[in-house]
Amino acid sequence: MNYFRVKEDNSSIYTGRIEGRHKWGLPGIRNCPACKASWGTDTRAYPSVDLSPVAALADFEEPRAEPIEEYERLCELVRTLLPPGARLQPGATLGPLVGRAQGRFGPLVAPSSWALLVQREALEKLQAEGLLGLKGCGTQLRFRQRNAPELLELELLPVGQLHPECLPPNRKPPCSRCGRRGLTRPDDMLLDASTLPGHLDAFRLEDFSTVIVCTERFVEACRRLGLDGVVFQPLPIA
């Protein structure tokens, strides 16, 4: 099986732009007691998660940094609501994408390197092709134009890793408390075949969650169906 990175098509004829963020999120952490780092990133999103049953809902509404004990407390409040295979990290976002959208959108939309949206009709066509694990989640985007498309966000689980050969040989293990890796993504990425899932045709990397990966089946289906808006960059495997 061949794999590809999914990226925005900068040469596309589509003019669509999205400004927004997910409805809820976990805080970043401030001064981890183990590694001393302060960090958080919103590159892991679980748009299917509904936090309405959580009593302390206001604790998830404003992006901020907190001591790690507060971050861990909030993780436990949402853990049972997560989809199978989800992995939390400081700054992870939850719930629908909320914001504004304008312009002309293609069947596939990559508003950032770590997010992938799809028009409903396109998603239904891909699912009819038998692709695995494609879960579209509703968004709350306000459009300025009439006859606006219905954009769904694909819920991309963090699975798969880069091969050690493309990473620094003297790298430190992830922090035992907060999980921070402290690595810069290499320009020349090499996927670790032993970590890649067999039950998903689209996912994000566990160790570098800004990278969206899809299978050759996904690429072939998109090309056969004429679904554009993104580009597919081959990724080598070892």
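Note that this is a predicted model, so its numbers are computed, not measured.

## Some remarks on the side chain of Thr215
Phase 1 of the analysis: Inspection of the secondary structure assignment puts Thr215 in strand β13 (residues 212-215).
Phase 2 of the analysis: A distance of 2.5 Å separates the side chain of Thr215 from the side chain of Asp201, its partner in a polar contact.
Phase 3 of the analysis: Beyond its immediate chain neighbours, meaning those up to four positions away, Thr215 contacts Met1, Asn2, Tyr3, Phe4, Leu200 and Asp201.

## Here we look at the layout of surface pockets
Phase 1 of the analysis: Quantified by volume, the largest pocket comes out at close to 630 Å³.
Phase 2 of the analysis: Along the walls of the largest pocket sit 29 residues, with Trp39, Arg44, Gln89, Gly179 and Arg181 positioned nearest its centre.
Phase 3 of the analysis: Each residue belonging to the lining of the largest pocket can be placed in one class, and the counts come to eleven nonpolar, eight polar and ten charged.
Phase 4 of the analysis: The space that makes up the second largest pocket amounts to roughly 460 Å³.

## Focus: the packing of aromatic side chains
Phase 1 of the analysis: By the definition in use, this model includes three aromatic pairs.
Phase 2 of the analysis: Here Tyr3 and Phe203 contribute two aromatic rings whose centre-to-centre distance is 6.3 Å and whose plane-to-plane angle is 70 degrees, an arrangement assigned as edge-to-face. With Tyr3 in strand β1 (residues 3-8) and Phe203 in strand β12 (residues 202-204), this pair connects stretches of sequence that are 200 residues apart. An identical accessibility class is assigned to Tyr3 and Phe203; each is buried.
Phase 3 of the analysis: Pairing Phe218 with Phe232 gives two aromatic rings, centres 6.1 Å apart and planes at 75 degrees, and the pair type is edge-to-face.

## Some details on helix α2 (residues 120-128)
The periodicity of an α-helix, 3.6 residues per turn, causes residues three or four places apart in sequence to face the same way.
Phase 1 of the analysis: Buried residues of α2: Ala122, Leu123 and Leu126, and no others. The buried residues of α2 all sit within an arc of 100 degrees when viewed along its axis, so they share a single face. Residues of α2 that are exposed and point more than 90 degrees away from the buried face comprise Glu121 and Ala128.
Phase 2 of the analysis: Immediately downstream of α2, the backbone of Gly130 shows phi near 85 degrees, a positive value.

Thresholds applied
- Residues numbered from 1 in each chain as written.
- Predicted model: local features only at pLDDT ≥ 70, side-chain atom pairs only at ≥ 80, totals over all residues.
- Heavy atoms only, no water.
- Helix = DSSP H or I, 4+ residues; strand = E, 2+ residues; numbered from the N terminus.
- Polar contact = N/O pair within 3.5 Å; in protein donor to acceptor, adjacent residues only side chain to side chain.
- Contact = heavy atoms within 4.5 Å.
- 1 Å grid on protein atoms, 1.4 Å probe; cavity = no way out; pocket = protein on both sides within 12 Å on 5 of 7 lines; lining within 4 Å.
- Points joined across faces, edges and corners; volume = space filled by probe spheres on them.
- Nonpolar A, V, L, I, M, F, W, Y, C, P; charged D, E, K, R; others polar.
- Phe/Tyr/Trp six-rings, centres within 6.5 Å; stacked < 30°, edge-to-face > 60°.
- Buried < 20%, exposed > 50% of the residue type's maximum accessible area, 1.4 Å probe, protein only.
- Arc of directions from axis to C-beta.

Purely geometric stuff here, so don't read any function into it on its own.
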